[in-house]
Amino acid sequence: MTQGAPRTPARRALLGAAGAAAIGVTAGLTAGQGTARAAETGRPHGQGHGRGYRSLPVPTVIAHRGASGYRPEHTLGSYAHALDLGAHVIEQDLVPTRDGHLVCRHENDITGTTDVADHPEFASRRTTKTVDGVSYTGWFTEDFTLAELKTLRAKERIPGTRQENTLYDGRWTVPTFEEVLRWADEEGRRRGREIWLHVETKHPSYFRSIGLGLEERLAKLLRRHGRHRANSAVFLQSFEPSSIQRLSKLVDSPLVVLLSGAATRPWDFVEAGDPRTVADLVTPAGLRWIASYAQGIGPTLDLVIPKDATGRLGTPTTLVRDAHAEGLILHPYTQRNENAFLPADFRRGTDPAAYGDAFGALKRYLETGIDGVFSDNPDTALLAAADLDAR
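Note that the structure is a prediction, hence the values are computed from the model and not measured.

### Regarding the pairing of strand β9 (residues 296-299)
Side chains Gly296 and Gly298 project from β9 onto one buried face, and the interleaved Ile297 and Pro299 project onto a second face that is buried too. As judged from the 4 bridges shared by strand β8 (residues 255-259) and β9, these two strands associate in the parallel manner. Bridged to Leu259 within β9 is Pro299. Bridging between β9 and strand β10 (residues 329-330) involves 2 bridges; their strand directions are parallel. Residue pairing for β10: Ile297 is matched across the bridge by Leu330.

### Digging into the packing of helix α5 (residues 177-191) against helix α7 (residues 215-224)
Packing of α5 against α7 brings their axes to within 11 Å, and their N-to-C directions diverge by 25°. Here α5 is positioned roughly parallel relative to α7, judged by the angle of their axes. You can see that α5 and α7 cross each other, and the crossing is right-handed. Where α5 approaches α7, its residues Phe177, Glu178 and Leu181 are matched on the opposing element by Leu218, Leu221, Leu222 and Arg224. Considering only residue class, the contact of α5 with α7 consists of 5 nonpolar, no polar and 2 charged.

### Points about the nonpolar core
In terms of nonpolar packing, the biggest core is built from 81 residues, with Phe177, Leu197, Leu218, Leu236 and Ile297 touching the most fellow members. It is α5 that provides the largest number of residues to this core, a total of 5 residues. The contacts of Phe177, once residues within four sequence positions are left out, are Gln92, Leu94, Leu102, Val103, Cys104, Leu197, Val199, Leu218, Leu221 and Leu222. In this structure, Ile62, Val89, Tyr333 and Phe374 belong to the second largest nonpolar core, which totals 11 residues.

### Section: the environment of Leu328
Of note, Leu328 is situated in the loop between α13 (319-325) and β10. Judged by relative accessible area, which is 1%, Leu328 ranks as buried. C-alpha of Leu328 to C-alpha of Ala291: the two residues are 37 residues apart in sequence and 6.5 Å apart in space. In this view, Leu328 contacts Leu287, Ile290, Ala291, Ala294, Gln295, Gly296, Ile297, Ala323 and Asp371; residues no more than four positions away in its chain are not counted.

### What about helix α14 (residues 358-366)?
Ala358, Gly360, Ala361, Leu362, Tyr365 and Leu366 are the residues of α14 that are buried. Next to the buried residues of α14 lie α12 (301-304), β11 (372-375) and α15 (378-390).

### Re the environment of Thr97
With respect to the helices and strands, Thr97 occurs in the loop between β2 (89-96) and β3 (102-104). In this structure, the C-alpha to C-alpha distance between Thr97 and Leu212, residues 115 residues apart in sequence, is 8.5 Å. Excluding residues that lie within four positions of it along the chain, Thr97 makes contacts with Val103, Thr141, Glu142, Phe144, Thr145, Leu146, Leu149 and Leu212. Engagement of the side chain of Thr97 in a polar contact is seen with the side chain of Asp99, the distance being 2.6 Å.

### Quick notes on the pattern of salt bridges
Per the counting criterion, the structure on display carries 25 salt bridges. Here Arg191 and Asp84 are joined by a salt bridge, their closest N and O atoms 2.8 Å apart. Of this pair, Arg191 sits in helix α5 while Asp84 sits in helix α3 (residues 76-85), and the two are 107 residues apart along the sequence. Given a relative accessible area of 44%, Asp84 falls into the partly exposed group.

### Regarding helix α8 (residues 241-248)
Those residues of α8 that fall on the buried side of the exposure criterion are Pro241, Ser243, Ile244 and Leu247. Looking down the long axis of α8, one finds its buried residues gathered within 160° of arc, a one-sided arrangement.

### Comments concerning the confidence of the model for the chain
Interpreting fine coordinate detail is not advised for predicted regions of low pLDDT. Per-residue confidence for the chain averages 90 on the pLDDT scale, and 87% of its residues sit at or above 70. Of all secondary-structure elements in the chain, the lowest mean pLDDT belongs to helix α2 (residues 31-41), at 34, while β3 reaches the highest, 99. Predicted confidence is poor over residues 1-49, with pLDDT under 50, and the contacts of this stretch with residues over four places away or in other chains come to 95 contacts.

Thresholds applied
- Think of each chain on its own: its residues are numbered from 1, step by step along the sequence as written.
- Local features in this predicted model are restricted to residues whose pLDDT is 70 or higher, and side-chain atom pairs enter the listing and the counts only when it is 80 or higher, whereas totals over whole chains, interfaces and linings include all residues.
- Side-chain numbers come from the whole structure's heavy atoms, not from hydrogens or water.
- Exposure categories follow from relative accessible area, calculated using a 1.4 Å probe and restricted to protein chains: below 20% of the type maximum is buried, above 50% is exposed, and the middle band is partly exposed.
- Helical segments are the DSSP runs of H or I of at least four residues, strand segments are the runs of E of at least two, and each set is numbered from the N terminus.
- Here a strand pair is declared whenever DSSP counts at least two bridges between the two strands.
- Between the N-to-C directions of two axes lies an angle of 0 to 180 degrees, each axis being a line fitted to C-alpha atoms and, for a helix, fitted only over the stretch in contact.
- Oblique is the label for every angle not falling under 35 degrees (roughly parallel), over 145 degrees (roughly antiparallel), or within 65 to 115 degrees (roughly perpendicular).
- Crossings are sorted by hand: turned counterclockwise from the far helix by less than a right angle, the near helix makes the crossing left-handed, and turned clockwise it makes it right-handed.
- Throughout, a residue-residue contact means that at least one pair of heavy atoms, one from each residue, lies within 4.5 Å.
- In this classification, the charged set is Asp, Glu, Lys and Arg, the nonpolar set is Ala, Val, Leu, Ile, Met, Phe, Trp, Tyr, Cys and Pro, and all remaining amino acids, among them Gly, are polar.
- Think of a nonpolar core as a cluster: buried Ala, Val, Leu, Ile, Met, Phe, Trp, Tyr and Cys residues, connected wherever their side-chain atoms sit within 4.5 Å.
- N or O atoms closer than or at 3.5 Å make up a polar contact, with two conditions inside protein: a donor-capable atom paired with an acceptor-capable one, and, for residues adjacent in sequence, both atoms drawn from side chains.
- Salt-bridge detection follows one rule: a side-chain nitrogen of Lys or Arg within 4 Å of a carboxyl oxygen of Asp or Glu.
- Our arc is simply the arc of the directions from the helix axis toward the C-beta atoms.
- One number per residue, pLDDT, summarises how confident the predictor is, and it ranges from 0 to 100.

Structural data, given as structure tokens:
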């Protein structure tokens, strides 16, 4: 399967320059535009510089697992490229090793994101596990020490869709979160600005059940690197509200509850026998409950604008208005450029790996008043944000 129209390094450089310029557009509008947007969002434009999350540009562009549309996800190369493209915030997902180190992987199953299958010395580690009610067969971070994990190399997770990313297979190792914190500090000094992070605890109930609780380990690292305060340049997020509640007692960093499909239940709710679904949590009463311990929500984009039976975008819900009424910010997920991930009315051609009308889809989402968006292609999201402000 081809990727469709070629995306050359020159084109990416152009988009990167435009994305960087978009920060200036977003953060330094004319006085009238800036005042209007500040009035709408209740916060000014501009970078953080110790002034907390309310000082971030609106809409905030969060690089989903780094610039994962262009580099293998959760690598220092993906994170650095996201900064080069102009992303405001870089996301990390955290899972533990057997000896308790936090590493950056979207899942603890590393079968598809590393070359572990090519290591005969680890062949016996392949196993089947049930995580949050789902059975997986492969290799898992909690079965490796950090030293063992560091012998592996990261690779592209969806090579059939992102064939160009396979160029970078094997180039980087799996980073620890402490390495990322040091990297962010160094990049901040080099670039003269805070490097914001958006950090997710993955499967926290599962890991706590096997003696590898995430929250205390995460809080310890945040305190060590001075990112545990209310104005620190970090968001902490989880699909399990109890993980966020636990973190709220350990650090003062801004907290975000992630929300999946309306009919789903957070796994900690399942284990606790709590009958509430995500649909209950996005009601005014549910949002008020979240606001009692968190500062934001990270809903799926479908909770902001649902799709109809044909996969086309429908009418926006009241979620943005209702969340803002409770003082919560919204960072929905995930914008991607490829047809396979776009609403049906913004796909172009029949190749699922080709780019569709990502700008058209982003326009619809950003017009709802969301405070930011997770994007695999942060340069695209930055240009769409600049288009919104230019209007």
